[in-house]
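Inside the fold
So the chains spell out like this:
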Amino acid sequence: MMFLPLIPAALMVLLLLMAKLMIRVPWPSSPRKEPVTVVVCARDEEPAILECLISLSEQTYPEDLYQILLVDHLSKDRTGEIMDHFAEESSVKTRVIHVTSEDGGLKGKVQALDIALDQVDTEYVLLTDGDCVVSDTWVEKMVSYLEDDVAIINGHVRVEDTEQEGSLLARLQDTINLMFLAFSSGNSSFQKPPSLYHPILRPFSPLLRRIRPSFNMGNNQGIRMSVYREIGGLRKVGPTLIEDVALVNRILQTTDYKTAVVMDPETIVTTRPSRNVRDFWRQSRRWASATDRVQNRTNTVLLSLFVVNRIFLPWTVILFPITGLIAILSTGYAEYLLIREANRILQTHTPKRDVIMHLVTQILLNHLVGLALLFRTPVIWKGQVYES
């Protein structure tokens, strides 16, 4: 019995180390110059929206080949006004849609995205949010990864506080994003040809190819519209708080296309942190609502392993102090190695103290989220209440 904690820990370490090996292999890409639409849905983003739009207008991609589609969704501030002014002044073709009422079937960002994507007339679409800033090569690099067999691409999202440098909350969120996107990138890499696998992993390719990305973010996403329409769009996905995860999962469930989560410094998008601990909790609670959207049994196992390691292992220290502590330290060190590798590839830096803060916070957060799911507490997001 004393070795019980080492079993889930060993499996988790194995998955983390496999992800570390796989993110070293870049996704295939090729330069392409095709028409692209960039969609930005925003609600009450007056402080940040202009910086976002300026970054979108300063791209290396030819201006005659991309357009910007903006959705002002129920904003009560000057977000829509800023969008309109930008559309009038920008050298990039820009359209603005003002949504002034809720949809009976869809609400929140899902409604805004559904309206926007219905207006798109290009094959390639890139999505980001009104509080994000993109690099000047973002459009060019994201489109290059949308190969013929790839339906959706996701890039990394950094969290930076421009008002309070070194913000604890920003550093925590940045580390969380890096860890989970690196893990998801490793998972998505199993969809690559087995010839690109690390030699150690090639014999296991039939099993590993069943693994799918377990985490993605809609504020740095590219979509092939022909596939989006093939699956019936967001109307078929239905009401959800995590439209990015839900959309990816529907594509993976109903088509043979791949989803690429790339680790490329030129595809990084920078966003702002949650304003306070309450907003951070609400965002975490919203992400937890994705647990009913897991694509297959393999990913159910991955999710279960995370839950067991975050909730079960800390308590084993009481009964089995030595093996319990070894299990916690080994999984924590494996996460650190994955984060370190991701930093190397993305040319970023995460201090060790931030990794430790992330590990401790995740244990606490998973306990709280577990209780919230158990008692079915509602999710509050962007001023709206969603029943769990």
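The structure contained in this document is the topic of the report that follows.

Definitions and limits used
Within any chain, residue numbers begin from 1 and follow the written order of that chain's sequence. Only residues with pLDDT of at least 70 get local features here, since the model is predicted, and only at 80 or more are side-chain atom pairs given and counted; chain-wide, interface and lining totals rely on the full set of residues. Hydrogens and waters are ignored; side-chain quantities use all the structure's heavy atoms. Using a 1.4 Å probe on the protein chains alone, a residue whose accessible area is under 20% of its type maximum counts as buried, one over 50% counts as exposed, and one in between counts as partly exposed. In DSSP terms, a helix is any run of H or I states spanning at least four residues, a strand is any run of E spanning at least two, and both are numbered starting from the N terminus. Think of it as the arc spanned by the lines of direction from the helix axis to the C-beta atoms. Residue contacts follow a heavy-atom distance rule, with two residues in contact if any of their heavy atoms lie within 4.5 Å. Any two strands are treated as partners once DSSP identifies two or more bridges connecting them. The angle between two axes is taken between their N-to-C directions and runs from 0 to 180 degrees, where each axis is a line fitted to C-alpha atoms and a helix contributes only its stretch in contact. Each angle receives one of four descriptions, namely roughly parallel if under 35 degrees, roughly antiparallel if over 145, roughly perpendicular if within 65 to 115, and oblique otherwise. In a left-handed crossing the near helix is turned counterclockwise from the far helix by less than a right angle, and in a right-handed crossing that turn is clockwise. Only residues whose relative accessible area exceeds 30% and that form no salt bridge are eligible for patches; like-charged ones are grouped when within 9 Å, while nonpolar side chains (Val, Leu, Ile, Met, Phe, Trp, Tyr) are grouped when within 5 Å. Per-residue accessibility takes into account occlusion by the displayed protein chains alone, with areas from the Shrake-Rupley method and a 1.4 Å probe. Put simply, a salt bridge is a Lys or Arg side-chain nitrogen that is within 4 Å of an Asp or Glu carboxyl oxygen.

Here we come to helix α3 (residues 79–89). When we look at burial in α3, the residues that qualify are Thr79, Gly80, Ile82, Met83 and Phe86. For α3, the arc enclosing every buried residue in end-on projection is 160°, short of the 170-degree limit, so these residues lie on one face. Turned more than 90 degrees away from the buried face of α3, the exposed residues are Glu88 and Glu89. Summarising the contacts, the buried residues of α3 are in contact with β1 (36–42), α2 (49–57), β2 (66–73) and β3 (94–99).

What follows concerns the environment of glutamate 34. With respect to the helices and strands, the residue glutamate 34 is situated in the loop between α1 (6–22) and β1. You can call glutamate 34 partly exposed: its relative accessible area is 37%. For glutamate 34 and proline 62, which are 28 residues apart along the polypeptide, the C-alpha to C-alpha distance reads 9.6 Å. If near-sequence neighbours (up to four positions away) are discounted, glutamate 34 is found in contact with Tyr61, Leu65 and Tyr124.

A few words now on the sheet that holds strand β4 (residues 124–129). If you walk across this open sheet you meet the seven strands as β3-β2-β1-β4-β8-β6-β9, and the pairing is mixed. If you trace the sheet from one side to the other, it starts and ends with β3 and β9 (258–261), each paired once. Each neighbouring strand pair of the sheet contributes to a mean axis angle of 20°, computed without reference to strand direction. For β1 and β2, the ladder comprises seven bridges, and the chain directions are parallel. Bridging from a neighbouring strand, valine 39 pairs with leucine 69 of β2.

As a further point, take the sheet that holds strand β10 (residues 269–271). Pairing is mixed across the open sheet formed by three strands, whose spatial order is β5-β10-β7. A strand with exactly one partner marks an edge of an open sheet, and here the two such strands are β5 (132–134) and β7 (157–159). Neighbour to neighbour, the strand axes of the sheet diverge by 30° on average, direction disregarded. Pairing between β7 and β10: three bridges, direction parallel. Bridge assignment links valine 157 to a residue of β10, and that residue is valine 269.

At a closest axis distance of 11 Å, the pairing of helix α13 (residues 321–346) and helix α14 (residues 352–374) adopts a crossing angle of 130°. As far as their axial angle goes, α14 and α13 are oblique. Along this stretch, α13 crosses α14, giving a crossing that reads as right-handed. Note on element contacts: α14 touches α13 through Lys352, Val355, His358 and Leu359, opposite Gly332, Glu335, Tyr336 and Ile339.

As a further point, take the pairing of β4. Regular strands have side chains that alternate between both faces of the sheet. In terms of residue burial, β4 counts as a mostly covered element, since six of its six residues are buried. Every second residue of β4 is oriented toward a common face, with Tyr124, Leu126 and Thr128 on one face and Val125, Leu127 and Asp129 on the other, all of them buried. Sheet topology note: the β1/β4 ladder contains six bridges and is parallel. Among the inter-strand pairings, valine 40 is bridged to a residue of β4, identified as threonine 128.

This part is about a nonpolar patch on the surface. Among the surface-exposed residues, Met1, Leu4, Ile7, Leu11 and Phe312 lie close enough to one another that they form a single nonpolar patch of about 500 Å² accessible area. For leucine 4, a relative accessible area of 36% puts it in the partly exposed group.

Attention now moves to the pattern of salt bridges. Per the counting criterion, the structure on display carries 17 salt bridges. Between arginine 78 and glutamate 81 there is a salt bridge, with the nearest N and O atoms lying 3.3 Å from each other. Measuring nitrogen to oxygen at the nearest pair gives 3.6 Å for the salt bridge that ties lysine 109 to glutamate 243. Of this pair, lysine 109 sits in helix α4 (residues 109–118) while glutamate 243 sits in helix α10 (residues 243–254), placing them 134 residues apart in sequence. Judged by relative accessible area, lysine 109 falls into the partly exposed class, the value being 26%. For glutamate 243, a relative accessible area of 6% corresponds to the buried category. In the salt-bridge network here, residues are joined through shared partners; they are Arg24, Glu341 and Arg344.

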